[in-house]
Amino acid sequence: SQRIFNAHEAEVSALTVHPQGLLVASGEMGIDPMIRIWDASHRVHHTGGKASSTIPVEAQICALTGHHKQILSLDFSHDGKLLVSLSNDNNRNTVMIWRWREGELIANAIANTSPVYSIRFNPYQAYGIPDENPRPGQAHDLDDVIYTLVSAGVRHLKFWVLLRTEDPSVKDDE
């Protein structure tokens, strides 16, 4: 059987499945595209005794905006806490990294001046954001968090490291 999530307002150009297998992130084409994270296990509507194949809009958990053109690639981190998105923003291949549950953009960068088609987290080189009681594979505190990524494009691969750093524009109150 098939079920359909049709809350997008433009063509869907990228998708990824959360490591726990129940959530999906999907990104659109067009101007100011939306990234939607939704629960693929959400029950379908029943009307008149018949089950609809449409997943209700209520299955959407959050929506992220910030790119200006087509979403090319999406990927969840190994622990599912972060989402990376890649878009062709005015021929500038923009990478954005989100704490998606909070709707917070935590990093962005230009991937390359030549076309970039895909970006993925590397689950084999990471120490994720710790829970209250850190588990294996998680950093013990926020200062030890590290994620690595790989992007691919025209005649190149690029290896990325995401570390926690202090924002120089934020001043301590002393």
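Fair warning: this is a prediction, and the values are worked out from it, not measured in the lab.

Rules used throughout
- Residues numbered from 1 in each chain as written.
- Predicted model: local features only at pLDDT ≥ 70, side-chain atom pairs only at ≥ 80, totals over all residues.
- Heavy atoms only, no water.
- pLDDT = per-residue confidence, 0-100.
- Helix = DSSP H or I, 4+ residues; strand = E, 2+ residues; numbered from the N terminus.
- Pairing = 2+ DSSP bridges.
- Phe/Tyr/Trp six-rings, centres within 6.5 Å; stacked < 30°, edge-to-face > 60°.
- Buried < 20%, exposed > 50% of the residue type's maximum accessible area, 1.4 Å probe, protein only.
- 1 Å grid on protein atoms, 1.4 Å probe; cavity = no way out; pocket = protein on both sides within 12 Å on 5 of 7 lines; lining within 4 Å.
- Points joined across faces, edges and corners; volume = space filled by probe spheres on them.
- Nonpolar A, V, L, I, M, F, W, Y, C, P; charged D, E, K, R; others polar.
- Core = buried A, V, L, I, M, F, W, Y, C linked by side-chain atoms within 4.5 Å.
- Contact = heavy atoms within 4.5 Å.
- Salt bridge = Lys/Arg side-chain N within 4 Å of Asp/Glu carboxyl O.

This part is about the confidence of the model for the protein chain. On average, residues of the protein chain score 83 in pLDDT, and 84% of them reach the 70 mark or higher. Here strand 6 (residues 50-51) stands out as the least confident element of the protein chain, with mean pLDDT 56; strand 9 (residues 71-76) is the most confident, with 96.

With 8 bridges connecting them, strand 14 (residues 146-153) and strand 15 (residues 156-163) associate as antiparallel partners. Note on strand 15: the bridge partner recorded for serine 151 is lysine 158. Here strand 14 hands over to strand 15 after 2 residues, with arginine 155 in that stretch at a positive phi of 55 degrees.

What follows is about the packing of aromatic side chains. Scanning the entire structure with this criterion turns up 2 aromatic pairs. For the pair phenylalanine 76 and tryptophan 100, a centre-to-centre distance of 5.7 Å together with 70 degrees between the ring planes defines the contact as edge-to-face. Of this pair, phenylalanine 76 sits in strand 9 while tryptophan 100 sits in the loop between strand 11 (92-99) and strand 12 (104-110), placing them 24 residues apart in sequence. Across this residue pair, the class does not change: phenylalanine 76 and tryptophan 100 are buried.

Take the layout of surface pockets next. Of the voids in this model, the second largest pocket is the one considered here, and its volume is about 220 Å³. Forming the walls of the second largest pocket are 11 residues, and the residues nearest its centre are Asp79, Gly80, Lys81, Trp100 and Arg101. The class makeup of the residues in the lining of the second largest pocket is 2 nonpolar, 3 polar and 6 charged.

In this section: the nonpolar core. Of all hydrophobic cores here, the largest spans 17 residues; its most connected members are Val95, Ile97, Tyr147 and Leu149. The element contributing the most residues to this core is strand 13 (residues 116-121), with 3 residues. Other than its neighbours up to four places away in sequence, tyrosine 147 contacts Ser77, His78, Asp79, Leu82, Phe121, Gln125, Ala126, Gly128, Ile129, Trp160, Val161 and Leu162. Leu64, Ile71, Leu74 and Met96 belong to the second largest nonpolar core, which has 14 residues in total.

If you walk through the whole model with that rule in mind, you get 2 salt bridges. Arginine 36 is the partner of glutamate 28 in a salt bridge, and the nearest nitrogen-oxygen pair spans 3.7 Å. Accessibility expressed as a relative area gives 5% for glutamate 28, which makes it buried. For arginine 99, the salt bridge goes to glutamate 102, with nearest N and O atoms at 3.7 Å.

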